[in-house]
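Here is how the chains run, residue by residue.
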Amino acid sequence: ADFTADLSFQIAGITEAQAFRWQLSDGTSTVIDLRTGASGALQANLSGEWVTLQRLTDNAGFNVTPSQTVRLRVTGRNFGTPAASYDVVWSDPGSTALVHAATQVTKFASSGVPASPPAVIRFVRDVVAANSFHVDDVTLLASAAAAPTAAWTPDPAPVAAGRSQC
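Residues numbered from 1 in each chain as written. Predicted model: local features only at pLDDT ≥ 70, side-chain atom pairs only at ≥ 80, totals over all residues. Heavy atoms only, no water.

Concerning the overall build of the chain
Per the secondary structure count, the chain includes 1 helix and 12 strands. Counted from the first residue to the last, the chain has its helices and strands arranged as β-β-β-β-β-β-β-β-β-β-β-β-α. A globule of 166 residues ought to have a C-alpha radius of gyration of about 15 Å, and the chain, at 15 Å, matches this closely. On the principal axes, the C-alpha backbone points of the chain span a range of 40 × 35 × 30 Å. Put simply, the chain has 166 residues, and 45% of those count as buried. Across the chain, contacts joining residues at least 24 apart in sequence account for 64% of those joining residues at least 6 apart. (Helix = DSSP H or I, 4+ residues; strand = E, 2+ residues; numbered from the N terminus. Rg over C-alpha atoms; globule rule 2.2 N^0.38 Å. Buried < 20%, exposed > 50% of the residue type's maximum accessible area, 1.4 Å probe, protein only. Contact = heavy atoms within 4.5 Å.)

Listed below in structure tokens is the structure:
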């Protein structure tokens, strides 16, 4: 099954290890887990490890600027099958145009392939010292948005291997 989850968010600061955290769950386990980490780094939880989304050309991380809105989208395809994958797409701070993308990600927050698409959205504040965040315009649709061109990855191996996608 396919899905598209959208939202806009702002973080108040980048001085703590975490501010914004967004989880998509299939009702049993968290399948996609995104956050802003230290210095505002946009990160994905891949099999229990936080990984910064990195530009394919130079491995530079993407940092969210405090007090500026960022639009964020996750598009999942083929959930419930071994071919399950998702895209993480986002805007520059202060813009709504989705211009950055990590595509065809096949590692999930929990081990294994999700049995079904997300049915639950959570916003998590599970650390004592964390910057605050605001969220707006949250949607979860049962269809996949068009796949963007990849320029970012949560896995630096594609750069070293000369590949262009995760």
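Next comes the rest of the description.
With respect to unusual backbone geometry
Residues other than glycine predominantly adopt negative phi, and peptide bonds predominantly adopt the trans conformation. A positive phi is found at Ser47, a non-glycine position, where the angle reads about 55°. One can find Ser47 in the loop between β4 (42–46) and β5 (49–52). In this structure, Ser67 takes a positive phi of about 65° despite not being glycine. Here Ser67 lies in the loop between β6 (54–55) and β7 (70–77). Residue classification places Ser67 among the exposed positions, given a relative accessible area of 52%.

Brief notes about the packing of aromatic side chains
Applying the stated criterion to the full structure yields 8 aromatic pairs. Relative to Phe79, the ring of Phe3 lies with its centre 5.0 Å away and its plane at 90°, an arrangement referred to as edge-to-face. With Phe3 in strand β1 (residues 3–11) and Phe79 in the loop between β7 and β8 (85–91), this pair connects stretches of sequence that are 76 residues apart. Here the two residues Phe3 and Phe79 agree in accessibility, since each one is buried. Look at Phe79 and Phe108: their rings are 5.6 Å apart centre to centre, the planes differ by 90°, and that puts the pair in the edge-to-face class. Taken together, the positions of Phe79 in the loop between β7 and β8 and Phe108 in the loop between β9 (98–105) and β10 (120–123) put the pair 29 residues apart, joining distant regions of the chain. Assessed through its relative accessible area of 3%, Phe79 is described here as buried. In this structure Phe108 comes out as buried when scored by relative accessible area, which is 2%. One aromatic cluster is present, formed by Phe3, Phe79, Tyr86 and Phe108 through successive ring pairs. (Phe/Tyr/Trp six-rings, centres within 6.5 Å; stacked < 30°, edge-to-face > 60°.)

Some thoughts on the sheet that holds β5
On the basis of which strands lie adjacent, the open sheet formed by 5 strands has the order β5-β4-β3-β2-β10 and antiparallel pairing. Only two strands of the sheet have a single neighbouring strand rather than two, namely β5 and β10. If you compare each strand with its neighbour and ignore which way they point, the axes differ by 25° on average. As defined by bridge partners, strand β3 (residues 30–36) adjoins β4 across 3 bridges and the pair is classed as antiparallel. Opposite Leu34, over in β4, you have Ala44 as the bridge partner. (Pairing = 2+ DSSP bridges. Axes fitted to C-alpha atoms, helices over the stretch in contact; angles between N-to-C directions.)

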